[in-house]
Amino acid sequence: MSRLPRTNEIELPPTVSLRRTTATRMNKRKLAQEDDDDLELEALDQPRKLPAIGTCTSARPLVVSRTALNRPTTTTLTSKPPSRPQSRTASRDPPLAGGYTRTTRATSAPPKPSSSTRPPIARVPSGSLTNGMISREMDAERAKLSQLTANHLALSRELASAKEIELDKRRALVDAADELDRMRIKHQREIVDLELEVARRGREARDRVEELKHVQEDLTSAREIVAKLKLEVTQHANRQVTLHAQIDALQAEKTALQRHLDEVSSASSKSALEYADARRKIEQLEKEAREAEMVRRKLHNMVQELKGNIRVFCRVRPVLPHDFVTLVVPGLRRSGSSTDGSEERGAVADISFPDEMDHREIIISSTSSSATGQERKELHSFTFDRVFEPEVTQREVFEEISLLAQSCVDGYNVCIFAYGQTGSGKSFTMEGGSTEATMGMIPRAVNEVFRAAETLRDKGWKYKLEGQFLEIYNETINDLLGKGEFDKKKHDIKHEKLHGSIPSTRVTDITVHPLSTPHQVTTLLQLANSRRTVAATLMNSRSSRSHSVFTLRVSGYNEQTGTRCEGCLNLVDLAGSERLSASGAAGDKERLKETQSINKSLSALGDVIAALGESSRGEKESRGAGGAGEKHVPYRNSKLTYLLQNSLSGNSKTLMILNLSPLAAHLGESLTSLRFATKVNNTTIGTAKKQLRGSG
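Basis of the calculations
- Residues numbered from 1 in each chain as written.
- Predicted model: local features only at pLDDT ≥ 70, side-chain atom pairs only at ≥ 80, totals over all residues.
- Heavy atoms only, no water.
- Helix = DSSP H or I, 4+ residues; strand = E, 2+ residues; numbered from the N terminus.
- Buried < 20%, exposed > 50% of the residue type's maximum accessible area, 1.4 Å probe, protein only.
- Contact = heavy atoms within 4.5 Å.
- Areas by Shrake-Rupley, 256 points an atom, 1.4 Å probe, with all protein chains shown as cover.
- Axes fitted to C-alpha atoms, helices over the stretch in contact; angles between N-to-C directions.
- Parallel < 35°, antiparallel > 145°, perpendicular 65-115°, else oblique.
- Left-handed = near helix turned anticlockwise from the far one by under 90°.
- Nonpolar A, V, L, I, M, F, W, Y, C, P; charged D, E, K, R; others polar.
- Pairing = 2+ DSSP bridges.
- Phe/Tyr/Trp six-rings, centres within 6.5 Å; stacked < 30°, edge-to-face > 60°.
- Patch = residues over 30% accessible without salt bridge, like charges linked within 9 Å, V, L, I, M, F, W, Y side chains within 5 Å.
- Salt bridge = Lys/Arg side-chain N within 4 Å of Asp/Glu carboxyl O.
- Core = buried A, V, L, I, M, F, W, Y, C linked by side-chain atoms within 4.5 Å.
- UniProt positions renumbered as here; feature names shortened; annotations may be inferred.
- Polar contact = N/O pair within 3.5 Å; in protein donor to acceptor, adjacent residues only side chain to side chain.
- Expected span 1.5 Å × (residues − 1).
- pLDDT = per-residue confidence, 0-100.
- Disulfide = S-S within 2.5 Å.
- Lys, Arg positive; Asp, Glu negative; His and termini not counted.
- Charge placed at Lys NZ, Arg CZ, Asp CG, Glu CD.

1. What about the overall build of the protein?
No. 1: Looking only at helices and strands, the protein has twelve helices and 21 strands in total.
No. 2: For the protein, the proportion of its 696 residues judged to be buried stands at 36%.
No. 3: Put simply, 70% of the contacts in the protein that link residues at least 6 apart link residues at least 24 apart.
No. 4: Summing over all exposed atoms, the protein offers an accessible surface of approximately 43300 Å²; the carbon and sulfur share of this is 54%.

Below you can see the structure in the form of structure tokens.
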């Protein structure tokens, strides 16, 4: 079998050997199939009977003659040593037993009799053959043909049997080769497994040797340490003897000092008792003061929630160095100003804070001239939830609103927005400076939210925080955290209800950043400030010309109770409100459009506040009269009011921080802002609702 793989070939990897074994197995099966086909073809090629030579009119049957039976057949057996078949065609006829090969002459015509075996025929004259001689010759030929046919059939059967035997042997050989291949593959796999096991055992032996080295090193170190300790024990024993002598001397000295100490203690015990009593009284008073303050704040918050009012804080900024410059406004005359329209911006307005206990009142004094030329002094008193004086720090301002940040974590919607004229300190209040002491409300509120979320983690709460920052400029929403240019995407405001009843405000195509640390908020504020629209006006060299809204979304889940809460913190820095004559924007079309857009949105905010107040009063009257008294609130008149609809309609805790300038030049704008803030403070918008839902 020349097609079987040799056993002394070079050993190949298991994968290559497996592929070659598979190919060899397929070739063997193909060869066996071809042999089966050849056997079937030879079985079909049976000898056919030849027609009788000549015509015979005799009616008697043909008889095989004795001469034909004694003649040898055309099949000859020649002695030939067996040899390896050279081709597939030659291998189809296997050799006979005894090393003989068979050669068969075609049976298409009767064989010619050999001259050596044919009997002599007497010559007769032409035309003297009789019909009897022809019949005997024909009978002899037919007998010879029958013998040849019988011999041919016997040899065909013998050939078919030999081929079947050879085919069985070939199949057995193929099966044995397949079994040998499988045993070889199995053996190779076992060798690989044994080699891997040997390698693993080698690594373990090396690890044990290395570990033994470390143990021996540790033992050596331990022995050295023990030797050192023994030496130290000896030294300490010697030192102990010396110390015992010193102790005896010191004991005598101690006895003398103890007598003196007892005398001093008896003298100071009375003073110590008096000091302890005073200290306990001071601590008790401080604790009562803190508890009273906490109770006062809690009760105040409860009253505000029950009333449903928007809370309003007022903050007066300090006088800054750049305020002491001369501002020239052509055609503008105020009391105390020069005839050319120039006015000292450093002049401070008369602002007082009479409520030193609760810090809720602010009084502004103004002087005006009557028609007769007499000066008339007027006092304007305003009361808010909290009034911050100029020296109040950012930390003290945030202490008053830190509870709102906690409310956001608890599942409330919270909105804090800064309102005031240009240059009154709104951006500083909301965003602050770069140092820790000057941080604004936005980073402080985010830090408080992270702190509160971390505190509640031990109780099973896990929170997810996301932030977005946008601005409204000329009634167009811009994404301050986006990567593209402004006005390339159209952002729409969508008001939805989550889970059936919880209202939610969403802005389309806005960039939302997941927040994991408070430091990320500082980076977002820097990015937003670099993209925010700013321009110079006469009122402020870096006046914000747009409303900025920072939104922090808080989603919490309690694994222990299966409760979810969702809160939203909106921190809004409104654009500065100012008159066209005071801003100097009348000569610039772009600045004029900006100022008109800002004043329009702030006016729409005032209309919404007024409509909410009237709607609240109408609702109370309708409940008394039994009718419906709801009033339409024009939220859609401005993108600002439409964005803050849920914050102003009673579904959140809302805080307005009114920022005022201390300068006398801004007194008119300050009074306008104070009156607007008073209107906001007197507006009832309902009670905030906690947004909680179960796990289902």
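2. What to know about the packing of helix 4 (residues 394–410) against helix 6 (residues 441–455)
No. 1: Where helix 4 meets helix 6, the axes come as close as 9 Å, and the angle between the chain directions of the two elements is 45°. Taken together, the axis directions place helix 4 and helix 6 in an arrangement best described as oblique. At the point where helix 4 passes helix 6, the crossing takes the right-handed sense. Together, Gln394, Arg395, Val397, Phe398, Ile401, Ser402, Ala405, Gln406 and Val409 of helix 4 and Met441, Arg444, Ala445, Glu448, Val449, Arg451, Ala452 and Ala453 of helix 6 make up the contact between the two elements.
No. 2: Class assignment for the residues of the contact of helix 4 with helix 6 results in ten nonpolar, three polar and four charged.

3. A short note on the sheet that holds strand 7 (residues 361–369)
Strands pair in a sheet through their backbones, by hydrogen bonds, and they do so in one of two ways: parallel or antiparallel.
No. 1: The three strands lie next to each other as 6-7-8, forming an open sheet whose pairing is antiparallel. Looking at strand neighbours, the two that pair on one side only are strand 6 (350–352) and strand 8 (375–383), the edges of this open sheet. Looking at each pair of strands side by side, their axes are set apart by 20° on average, direction ignored.
No. 2: Its contacts with the sheet put helix 12 (residues 667–681) on strand 7 and strand 8, and the angle it makes with strand 8 is roughly 35°.

4. Examining the packing of aromatic side chains
No. 1: For the coordinates displayed, the defined rule picks out four aromatic pairs.
No. 2: Plain terms: the ring middles of Trp461 and Tyr463 are 5.8 Å apart, the flat faces sit at 20° to each other, and that makes the pair stacked.

5. A few points about a nonpolar patch on the surface
No. 1: Side chains of Val319, Phe324 and Val348 sit close together on the surface and give an oily, nonpolar patch of about 270 Å² of accessible area.
No. 2: Among the secondary structure elements, Val319 is positioned in the loop between strand 3 (311–316) and strand 4 (326–328).

6. Section: the nonpolar core
No. 1: One finds Ile362, Phe384, Leu648 and Leu674 to be the most contacted residues of the largest nonpolar core, which totals 48 residues.
No. 2: Elements represented by at least two residues in this core include exactly strand 3, strand 7, strand 10 (413–420), strand 11 (461–473), helix 9 (589–625), helix 10 (639–643), strand 20 (653–660) and helix 12.
No. 3: It is helix 9 that contributes the most residues to this core, seven residues altogether.
No. 4: With residues near it in sequence (within four places) discarded, Phe384 still touches Val312, Cys314, Arg360, Ile362, Leu658, Leu674, Ala677, Thr678 and Asn681.
No. 5: Among the nonpolar cores identified, the runner-up in size contains 42 residues, and Phe313, Val446, Val449 and Phe450 belong to it.

7. Structural notes on the environment of Trp461
No. 1: Looking at the element boundaries, Trp461 is found in strand 11.
No. 2: Residues Trp461 and Gly562, spaced 101 residues apart in sequence, show a C-alpha to C-alpha distance of 9.6 Å.

8. Regarding the UniProt feature "binding site: ATP" (unreviewed entry) in the protein
No. 1: UniProt feature "binding site: ATP" (unreviewed entry): in the numbering of this structure it lies at Gly420, Gln421, Thr422, Gly423, Ser424, Gly425, Lys426 and Ser427.
No. 2: Structurally, Gly423 is set in the loop between strand 10 and helix 5 (426–430).
No. 3: Inspection of the secondary structure assignment puts Ser424 in the loop between strand 10 and helix 5.
No. 4: Ignoring anything within four residues of it in the chain, the contact list for Ser424 reads Arg317, Asn659, Leu660 and Ser661.
No. 5: Within the structure, the side chain of Ser424 is placed 2.7 Å from the backbone oxygen of Gln421, a separation counted as a polar contact.

9. Overview of the pattern of salt bridges
Where side chains of opposite charge bring their charged atoms close, a pairing between them can arise.
No. 1: Scanning all chains against the criterion turns up 17 salt bridges.
No. 2: Put simply, Arg201 and Glu197 hold a salt bridge, and the shortest N to O gap is 2.9 Å. With Arg201 and Glu197 both in helix 3 (residues 131–307) and four residues apart, the pair spans about one turn of that helix.
No. 3: Assessed through its relative accessible area of 51%, Arg201 is described here as exposed.

10. With respect to helix 6
No. 1: Relative to the 21 Å expected for 15 residues at 1.5 Å per residue, helix 6 spans 21 Å between its end C-alpha atoms, a close match to the ideal helical length.
No. 2: Most of helix 6 sits out of view: eleven of its 15 residues are buried.
No. 3: Within the sequence span of helix 6, burial applies to Met441, Ile442, Pro443, Arg444, Ala445, Val446, Glu448, Val449, Phe450, Ala452 and Ala453.

11. Let's talk about the confidence of the model for the protein
Detailed reading of the predicted coordinates is not advisable wherever pLDDT is low.
No. 1: Model confidence for the protein is summarised by a mean pLDDT of 76, while 67% of its residues fall at 70 or above.
No. 2: Per-element averaging of pLDDT across the protein places strand 1 (residues 76–79) at the bottom with 38 and strand 9 (residues 386–388) at the top with 94.
No. 3: The model gives residues 1–16 a pLDDT under 50, and that stretch makes 21 contacts with residues more than four places away or in other chains.
No. 4: Predicted confidence is poor over residues 124–128, with pLDDT under 50, and the contacts of this stretch with residues over four places away or in other chains come to one contact.

12. With respect to the pairing of strand 8
No. 1: In the sheet, strand 7 pairs with strand 8 via nine bridges, with the strands oriented antiparallel. Counterpart to Thr367 in the pairing with strand 8 is Lys377.
No. 2: Remark: five residues form the turn of the hairpin made by strand 7 and strand 8, two consecutive strands paired antiparallel; Gly373 in that turn has positive phi of roughly 90°.

13. Re the state of the cysteines
No. 1: Tallied over the entire structure, the rule returns zero disulfides.
No. 2: Cysteine Cys415 shares no disulfide, and the gap to the nearest cysteine sulfur, in Cys568, comes to 8.8 Å.

14. Some thoughts on a negative patch on the surface
No. 1: On the surface, Asp207, Glu210, Glu211, Glu217 and Asp218 cluster together to form a negatively charged patch.
No. 2: Of note, Glu210 is situated in helix 3.

15. Quick notes on the side chain of Arg315
No. 1: Structurally, Arg315 is set in strand 3.
No. 2: One buried charge, Arg315, has no salt-bridge partner; the nearest side chain with opposite charge is Glu396, at 7.8 Å.
No. 3: Only 3.4 Å separates the side chain of Arg315 from the backbone oxygen of Val392, close enough to count as a polar contact.

16. Notes on the pairing of strand 20
No. 1: Of all the eight residues making up strand 20, eight are buried; the element is thus mostly covered by neighbouring parts of the structure.
No. 2: The alternating pattern of strand 20 places Lys653, Leu655, Ile657 and Asn659 on one face and Thr654, Met656, Leu658 and Leu660 on the opposite face, and all of these are buried.
No. 3: Taken together, the six bridges between strand 3 and strand 20 define a ladder with parallel strand orientation. For Arg311, the partnering residue across the bridge sits in strand 20 and is Leu655.
No. 4: Sheet topology places strand 10 next to strand 20; seven bridges connect them, and they run parallel. Note that in strand 20 the partner of Cys415 across the bridge is Thr654.

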